Amino acid sequence: MALAMLIMMLGLWCAGIVLLVLGVITGMYALVLGRVPGRWLQRNVENPRIWGAGVLLLVAAVFSSRTVALIGAGLITLGYVKKPTFDY
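The text that follows walks through the structure, step by step, so that each part is easy to find. (Residues numbered from 1 in each chain as written. Predicted model: local features only at pLDDT ≥ 70, side-chain atom pairs only at ≥ 80, totals over all residues. Heavy atoms only, no water.)

From N to C terminus, the protein chain includes four helices and zero strands. Sequence-ordered secondary structure for the protein chain, helices as α and strands as β, is α-α-α-α. Over its C-alpha trace the protein chain gives a radius of gyration of 17 Å, far above what one expects of a compact globule, namely 12 Å for 88 residues. With respect to the principal axes defined by its C-alpha atoms, the protein chain has extents near 70 × 30 × 20 Å. (Helix = DSSP H or I, 4+ residues; strand = E, 2+ residues; numbered from the N terminus. Rg over C-alpha atoms; globule rule 2.2 N^0.38 Å.)

Its 15 residues give helix H4 (residues 66-80) an end-to-end C-alpha distance of 22 Å, which sits within 8% of 21 Å, the value for a rise of 1.5 Å per residue. Within H4, the full set of buried residues consists of Gly72, Ile76 and Gly79. Buried residues of H4, viewed axially, fall in a sector of 55 degrees; they line one side. More than 90 degrees from the buried face of H4, the exposed residues found are Arg66, Thr67, Leu70 and Thr77. In this fold, the buried residues of H4 make contact with helix H3 (48-61). (Expected span 1.5 Å × (residues − 1). Buried < 20%, exposed > 50% of the residue type's maximum accessible area, 1.4 Å probe, protein only. Arc of directions from axis to C-beta. Contact = heavy atoms within 4.5 Å.)

A few words on the side chain of Asn47. Residue position: Asn47 is located in the loop between helix H2 (39-44) and H3. When near neighbours in sequence (up to four residues on either side) are disregarded, Asn47 contacts Leu78, Gly79, Val81 and Lys83.

This part is about the environment of Leu56. Relative to the elements of secondary structure, Leu56 occurs in helix H3. Along the sequence, Leu56 and Leu22 sit 34 residues apart, while their C-alpha atoms lie 10 Å from each other. Discounting residues that sit within four places of it in the chain, Leu56 has contacts with Gly23, Val24, Gly27, Met28 and Leu31.

Structure representation (structure tokens):
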């Protein structure tokens, strides 16, 4: 029983590390290149650099405070907002 719990906890820990690494890679990709990976994200994200900064802040929030997570979630939301056009 204890061995099963240890294996399960180790698996969850490894899955968390993998998600953190994927978040950093995806956020840096969007921030540096100005585009997001995947068809669905490319169709829906209008401001990829803002979206990437939000993803990086959410990853950083794992090691810091809830305020950083809230700012990151706000930036991800702003990444989906259409760019304003000033056609009169």
